[in-house]
Amino acid sequence: MTATAPIDKNSHVVLVDGSAYIFRAFHALPPLTRKTDGLPIGAVAGFSNMLFKLMVNQSDEDRPTHFAVIFDASGNTFRNEIYDLYKANRSALPEDLIPQFPLTREATLAFGAPSIEMTGYEADDLIATYARIADEAGARCTIISSDKDLMQLVTENVIMRDPMKNKDIGIKEVIEKFGVEPARVIDVQALAGDSVDNIPGVPGIGVKTAVLLLNEYGPLEELLERSGEIPQKGRREKMLANKDMALLSKQLVTLKTDIDLEVPLEDLAVTDPDVDVLFDFLERMTFRTLTARVRAALGAGETDGLRKDDTAPDAGAPAELDAPKNVKFDAEKYVCVQDAATLREWVDKAMKAGVVAVDLETNSLDSAAAKMVGVCLSHADNEACYIPLGHVGVGNSAEGGDMFGAAAPKQIPMQEALDILEPLLHSPSVLKVGQNFKYDLGVFQRYEGNGKALHPAPYDDTMLISYCLETGLRGHGMDAMSELYFGHKAISFKEIAGTGKSQKTFDQIELDVATKYAAEDADVTLRLWKFLKPKLAAAGVATAYETMDRPLPAVTAQMENNGIKVDRTELNRLSGLFAQKMAQLEDEAYEIAGTKFNVGSPKQIGEILFDNMGLEGGKKTKTGAWQTGVDVLEKLADEGQALPRVILDWRQYSKLKSTYTDALVSQINPDTGRVHTSYSLAATTTGRLSSSDPNLQNIPIRTEMGRKIRDAFVAETGHVLVAADYSQIELRILAHVADLSTMKQAFADGVDIHALTASEMFGVPLSEMTPEIRRNAKAINFGIIYGISAFGLAKNIGISRGEASDYIKTYFEKFPGIKAYMEEAKAEAREYGYITTILGRKCHIKGIRDSNQMSRAFAERQAINAPIQGAAADIMRRAMIRMPEAIEDVEGARLLLQVHDELVFEVPEAKANALIDIIVPTMESAHKPAIEMSVPLLVEAKAAKNWNDAH
DNA sequence: GACATCACG
DNA sequence: GACGTACGTGATGTCG
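In this report, the structure presented in the accompanying data block is examined.

Cut-offs and rules
Residues numbered from 1 in each chain as written. Chains lettered and ligands numbered in written order. Predicted model: local features only at pLDDT ≥ 70, side-chain atom pairs only at ≥ 80, totals over all residues. Heavy atoms only, no water. Core = buried A, V, L, I, M, F, W, Y, C linked by side-chain atoms within 4.5 Å. Buried < 20%, exposed > 50% of the residue type's maximum accessible area, 1.4 Å probe, protein only. Contact = heavy atoms within 4.5 Å. Helix = DSSP H or I, 4+ residues; strand = E, 2+ residues; numbered from the N terminus. Arc of directions from axis to C-beta. Near = heavy atom within 4 Å. Polar contact = N/O pair within 3.5 Å; in protein donor to acceptor, adjacent residues only side chain to side chain. Phe/Tyr/Trp six-rings, centres within 6.5 Å; stacked < 30°, edge-to-face > 60°. Lys NZ or Arg CZ within 6 Å of the ring centre and 35° of its normal. Pairing = 2+ DSSP bridges. Axes fitted to C-alpha atoms, helices over the stretch in contact; angles between N-to-C directions.

Re the nonpolar core
One finds Y726 and L734 to be the most contacted residues of the largest nonpolar core, which totals 194 residues. Residue contacts for Y726: discarding those within four places in its chain leaves I875, M876, A879, D901, M923, E924, A926, L937, L938 and V939. Membership of the second largest hydrophobic core comes to 49 residues, among which are M118, L126, V158 and V188.

Take a look at the structure:
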């Protein structure tokens, strides 16, 4: 897309201040939305029209020879380092503007212009550097901007053009505005300051006075030295007192003209846009007028894409998420890259495209153990490649080398390939798109080395975008989405690798087969991104995605790689102990039953208890088998039966042994000696994470025997574990959203909330509270959060249905607000099909309008629970996202686990208190500044050698 | 692969 | 009037 041409006095360099334009267009232009789905695109439309005028519909005299759109990179710049309040008073981005940033970059590329940005610098600095180079070469340079901060750059050769008013700003206009010539503008700004950028300046000195003083006493530095000579007392004292502020301000307003550019000016030579790409973009934006104008100017005929414009949308796919199915998948176009030169070409193409799908192939689903086998890239439909890096000869395994089978295929050496890929992965102007990118990030992290980091950024995750759009509606796997949205069935892993014991790992797959499978994944991923990303804003969940989902893969990938140490010896000892206990209990059970049977078989237990022994009160499951769950057996045991008690005890040991002690030991990673779980970021219907392989969110804690397993989760020598958990977060959220004044007051006062509930409900003073009464109140509090029913409450705390019914009635009376909250939650779900948490996540509730009473009642309970559980999950996500930066200064501190309302860290013993001092406020304020709460959040944190003692 | 059971928040 | 009934997860063993 870029071409090279030398810069000389015949050149005309046009530099567009892209970031400034977007803001201005957004506020100045009418709020246009896309016809197909309501996506806000007003700023994109204005921007596209401007590009058209500048690049295509231009007089020969003004036609640029070199052209670029310059953007601010996200994140801090060097200015934040010298002044942390720089631009600190900027308000949050409007929700409707957020999705227009990537679309503006896309528009730039569609018109065939390079989009330039660099981490650490603002667009203004890049413009300043390009303008200086152009000026020195004697070329004409036009800066498309009206930002006064750029006026310092104006010279005989460099002018500015206001893109909205079409007005040129030269030396004369700058003098009119500032009263000094362009080179002195920074001195005026240094004194006068700027409230928009939060430049302090000298308080009380404005532009007028600044010019007066500078004309009288000379340039800023001289003026500051001679400030004592100023006759007016007020001005003199202000100047003397704020010398440092003035110098700092000058530093802030002075644009950098000596950036080491990633793209040299020569490479910004103008080329003709790719008509297909351009029309495709215009079509997707539904810019009919502009399309017609562009077509007329370029003399291009109708394309396939434009004709599609008038065809009816495909039936079948859901109306709101209907996808264009117009570009066929063509696996023949996929390329296998086996030499460095070709890889460089692909990296180059991705750089120019500005967005690239990245997908890693490995030899295992376990990201903490997986070896990299290959990388895929895709920068456009059907333009995808596979770069094999770790394939072995057919018939070999990764561990076995090339001893028996064929020789390994030709591949770029791993380190060389990573060196070539690294600039792409880290380029701030290229968006990396992945599907479940947490996995890829985790694998990349483990290939760091030689002083080189591998933290791809910026990135987007199609799985999380889909999750944010449709939480609770369906799965978010790539294969399913491809079929749903594109009607395209992707090659399944089983098809190429087989199943069961003889299943091959990816490094054993032949390259032509591997290429078709792997490149397709990248191709699909990029298409999903193009399709789904714009929908975030249209659905009103762009902010939710940006603040709670998008940054999470990097954090959780690090947690997974960190892992946690377990005491193998202790777990083995417990396994042996549990096995002994089980054997004893089995003998006892046979004795009582008078026969041998499988204690692990609920079916046989049911038959023995209810058929053979003839016990009363048995209930059948829906499949016709006897129920033998805890509550059933517990009841029989209470009635004096011996066998149920034995079975219950046996089950406890069996559970602990098979699910915990045995399983955990087998899951210790041989390389790290630690256990690495895998977090699912898009699995639940409420926004919670889930943990698997192994699940470290359900390690026992409620029984004494179970806690012995927690003892075996330990810190490294010289370290401690720190467990920090939100106290009663769901009840606090309930008190806030349902506006329960009594409960809010209790939380504000730090009162025991279950005791308070008991006191309110049963009229028992707090001083006379008994554990028994408090326990019942606690069960009711939980019941409320779960969408209580009298039956459920009765069953849970062992009272009659009538009593339970009375309790609930009393609760509603004592906590007015609850009833209204529940009705509102149900009504919202009924009307929209989803509920929205206080932090903006939308959780879809299936079955809320089902004709079946049962399923509807179930959906209604979900509608009551989801705003509470979901908000707690949101807050935790926000806390986790802030954690890496928060704990950065606590050397050696690492985040290891998340258990819904708890975070577990590992830290050198001496740093434990420092860590606690930073994580507690970070967690307690995680909901801010997005929302304020009428109830304080409370976090309790403790350090200990093992996880059990950290509670 | 479905089901029942049970570990957690 | 009967029916089934507290929210969200994942791992395990049995059985067909």
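Next, the rest of the story.
Some words on helix α1 (residues 18-28)
Along α1, the residues that are buried comprise G18, S19, Y21, I22 and A25. Along the long axis of α1, the arc covered by the buried residues comes to 160 degrees, so they all point the same way. Buried residues along α1 sit in contact with β1 (12-17), α2 (42-56), β2 (66-70) and α4 (100-110).

With respect to the protein's contact with DNA strand B
Around DNA strand B sit 22 residues in total, of which T628, K655, I701, R702 and D901 are the nearest. Taking the atoms of DNA strand B that fall within 4 Å of the protein, sugar and phosphate contribute 76% of them. Measuring from a phosphate oxygen of DNA strand B, one finds a backbone N or O atom of I701 at 2.6 Å. Q869 places a side-chain nitrogen or oxygen 3.3 Å from a base nitrogen of DNA strand B.

Here we look at the packing of aromatic side chains
Evaluation of the coordinates by the stated rule reveals 19 aromatic pairs. Centroid distance F23 to F101: 5.9 Å. Interplanar angle 65 degrees. Geometry classified as edge-to-face. Separated by 78 residues along the polypeptide, F23 in helix α1 and F101 in helix α4 bring together distant segments of the chain. Using a relative accessible area of 16% as the deciding quantity, one classes F101 as buried. Plain terms: the ring middles of Y811 and F815 are 4.7 Å apart, the flat faces sit at 40 degrees to each other, and that makes the pair tilted. Overall, the relative accessible area of 1% leaves F815 in the buried class. Feature note: the residues F329, Y485, F486 and F531 constitute an aromatic cluster, connected by ring pairs. Lying across the ring of F71, R105 places its NZ or CZ 4.4 Å from the centre. R527 extends its terminal NZ or CZ atom over the ring of F329, reaching a point 3.7 Å from the ring centre.

As for the pairing of β2
With respect to burial, β2 is a largely interior element, 5 of its 5 residues being buried. Here β2 shows no split at all, with H66, A68 and I70 on one side and F67 and V69 on the other all buried. Sheet topology places β1 next to β2; 5 bridges connect them, and they run parallel. Pairing of D17 across the sheet is with I70, part of β2. Alignment of β2 against strand β3 (residues 115-116), held across 2 bridges, turns out to be parallel. Within the sheet, the bridge partner assigned to I70 lies in β3 and is I116.

Describing the protein's contact with DNA strand C
As a structural note, the neighbourhood of DNA strand C is formed by 32 residues, with S601, G783, F791, N796 and Q862 the closest of them. The sugar and phosphate moieties of DNA strand C supply 62% of its atoms located within 4 Å of the protein. The contact in question runs from a sugar or linking oxygen of DNA strand C to an N or O atom on the side chain of N695, over 2.9 Å. Here the surface near DNA strand C takes 5 residues from helix α37 (residues 853-886), the largest share from any one element.

Quick word on the side chain of S482
In this structure, S482 sits in helix α19 (residues 478-486). You can call S482 buried: its relative accessible area is 0%. Among residues more than four places away in sequence, those in contact with S482 are G487, H488 and V524.

Observations regarding the sheet that holds strand β21 (residues 894-898)
Across the sheet, which stays open at both edges, the 4 strands sit in the order β21-β22-β18-β23 with antiparallel pairing between neighbours. Each end of this open sheet is capped by a strand with a single partner; those strands are β21 and β23 (939-944). Ignoring which end each strand starts from, the neighbouring axes of this sheet average 20 degrees apart.

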